[in-house]
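This is what each chain is made of:
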Amino acid sequence: MKISTVMWPTRSWPEAGDLWRRAEELGFDTAWVYDHVAWRGTTPWYDAYTTLAAAAAVTSRIRLGTLVTSPNFRHPVPTAHAAKTIDHISGGRLRLGMGAGGTARTSDAGLLGGPDWTARERADRFAEWVELLDRLLTGPETTYEGTYYSAQEVVTGPGCVQRPRVPFVIAATGPRGLRLAARLGAGWVTTGGRDGTDPLEAVRAQLDGLRAACDAEGRDFAEIRPVFLTGFTGEPWLESAGAFEDLAGRYAELGFDEIAVHWPRPGTDWAADMKVFEAVAAS
């Protein structure tokens, strides 16, 4: 089981740099960062891609990534350009998490103006966004005219350090999103169910959906790395090292091979004992 962490882009440099180096020292597989303009009204809140570039420059082993980037305020062309650059700065350590995006204006929905997107349009935009990003990062030149996004003679050579491109980790729970993950994802991420259902049963059903999507796409399910993002189901992941070990074992039995825990934030819902957090990192 790989253990990763989610960093909070709430501290300015160089203090933030010390935390990213500490994440590497603790032995986490990947240090993820949320990609929003803000998060539930939290301020300050710094840019994810700029933060990842800086973190790439002060670390050497830990993998880095967004969890997740969405079409809410990012166009595929500059997103691909930034991702390729960070992949080079990091020496090929970037993982690009992506999702359809939320609807809350306290994070990033609607910040660019215009009408609210329906659920159908949000799904359509995300599918087109991911497909264009895939083309841009595999290059070397892309021209594309879609319903929502376009690109004209975009030169992306020499491309990413990782080949054929940086790995996509796609957040999805519905049939259409799972098909997208099966087709283009190196990984898949979920936060579990949030409707009061049993968390393990919720993710079991989602994994069954992902397997069915892989079958439909002719993809070997074993090629996709399932990631569980903790902190949204009420489970006591950081109550103790023993509690973490028990829960991680249950999720491993379902097929997950990566668990992501949030870096503790005192005085918030994400508070946790740092000694427990460090023990989890070492487990």
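Here, every reference points to the structure presented above.
The paragraphs below set out a description of the structure included in this document. (Residues numbered from 1 in each chain as written. Predicted model: local features only at pLDDT ≥ 70, side-chain atom pairs only at ≥ 80, totals over all residues. Heavy atoms only, no water.)

## Focus on the overall build of the protein chain
- Secondary structure summary: the protein chain contains eight helices and 10 strands in total.
- Since a compact globule built from 283 residues should have a radius of gyration of about 19 Å, the 18 Å found for the protein chain is in line with a globular shape.
- Based on the C-alpha atoms only, the size of the protein chain along its principal axes is roughly 55 × 45 × 35 Å.
- A total of 283 residues make up the protein chain; the buried ones form 54% of that total.
- Relative to all contacts within the protein chain whose residues are 6 or more apart in sequence, the contacts with residues 24 or more apart total 73%.
- Total accessible area computed for the protein chain in this model is approximately 12500 Å², and 51% of it derives from carbon and sulfur atoms.
- Of the side-chain charges in the protein chain, 29 are positive and 36 negative, and the distance between the mean point of each set is 3 Å. (Helix = DSSP H or I, 4+ residues; strand = E, 2+ residues; numbered from the N terminus. Rg over C-alpha atoms; globule rule 2.2 N^0.38 Å. Buried < 20%, exposed > 50% of the residue type's maximum accessible area, 1.4 Å probe, protein only. Contact = heavy atoms within 4.5 Å. Areas by Shrake-Rupley, 256 points an atom, 1.4 Å probe, with all protein chains shown as cover. Lys, Arg positive; Asp, Glu negative; His and termini not counted. Charge placed at Lys NZ, Arg CZ, Asp CG, Glu CD.)

## With respect to the sheet that holds strand β3 (residues 63–69)
- Strand order around the closed barrel formed by eight strands is β1-β2-β3-β4-β7-β8-β9-β10, with parallel pairing between neighbours. Across the sheet, the mean angle from the axis of one strand to that of its neighbour is 25°, orientation sign disregarded.
- Pairing of strand β4 (residues 94–98) with strand β7 (residues 168–171) involves three bridges; the strand directions are parallel. Paired with G97 across the strands is V169, a residue of β7. (Pairing = 2+ DSSP bridges. Axes fitted to C-alpha atoms, helices over the stretch in contact; angles between N-to-C directions.)

## Quick word on the nonpolar core
- Counting 82 residues, the largest nonpolar core has F28, L96, M98, V130, F168, I170 and W188 as the members making the most contacts within it.
- With seven residues, the single largest contributor to this core is helix α4 (residues 119–138).
- Not counting residues up to four positions away in its chain, the partners in contact with M98 are V68, T69, F126, W129, V130, L133, F168, V169, I170 and A171. (Core = buried A, V, L, I, M, F, W, Y, C linked by side-chain atoms within 4.5 Å.)

## Section: the side chain of R93
- Assignment of secondary structure puts R93 in the loop between α3 (76–90) and β4.
- In contact with R93, not counting residues within four places along its chain, are E24, A56, T59, S60, R61, I62, R63, L64, D87 and Q162.

## Comments concerning the packing of aromatic side chains
- Scanning the entire structure with this criterion turns up 17 aromatic pairs.
- Through a chain of ring-to-ring contacts, the aromatic side chains of W8, Y34, W39, W45, F232 and W270 assemble into a single cluster.
- It is R165 that lies over the ring of F168; its NZ or CZ is 3.5 Å from the centre.
- R211 extends its terminal NZ or CZ atom over the ring of F221, reaching a point 4.5 Å from the ring centre. (Phe/Tyr/Trp six-rings, centres within 6.5 Å; stacked < 30°, edge-to-face > 60°. Lys NZ or Arg CZ within 6 Å of the ring centre and 35° of its normal.)

## Concerning the pattern of salt bridges
- Tallying each qualifying case throughout the model produces 24 salt bridges.
- Between D47 and R74 there is a salt bridge; the shortest N-O distance is 2.8 Å. Residue D47 is found in the loop between β2 (30–33) and α2 (48–58), and its partner R74 is found in the loop between β3 and α3; the two are separated by 27 residues along the sequence.
- You can call D47 partly exposed: its relative accessible area is 32%.
- Between E217 and R179 there is a salt bridge, with the nearest N and O atoms lying 2.7 Å from each other. With E217 in helix α6 (residues 199–217) and R179 in helix α5 (residues 175–184), this residue pair connects regions lying 38 residues apart in the sequence.
- E217 sits in the partly exposed class, given a relative accessible area of 25%. (Salt bridge = Lys/Arg side-chain N within 4 Å of Asp/Glu carboxyl O.)

## As for the environment of S283
- Among the structural elements, S283 can be located in the segment after α8 (274–282).
- Apart from residues no more than four positions distant in its own chain, S283 is found in contact with I3 and F244.

## Observations concerning α5
- Restricting attention to buried positions, one finds in α5 the residues G177, L178, L180, A181, A182 and L184.
- Elements that come into contact with the buried residues of α5 comprise α4, β7, β8 (187–190) and α6.

## Observations regarding the pairing of β3
- Of all seven residues in β3, six are buried, a share of seventy percent or more.
- When β2 meets β3, the two strands line up parallel, connected through four bridges. Bridging from a neighbouring strand, W32 pairs with G65 of β3.
- Regarding the hand of the β-α-β motif, the stretch spanning β2, α2 and β3 is right-handed.
- Pairing analysis gives four bridges linking β3 to β4, with the strands arranged parallel. Looking across to β4, one finds that T69 is bridged to M98. (Right-handed = clockwise from strand over helix to strand, strands pointing away.)

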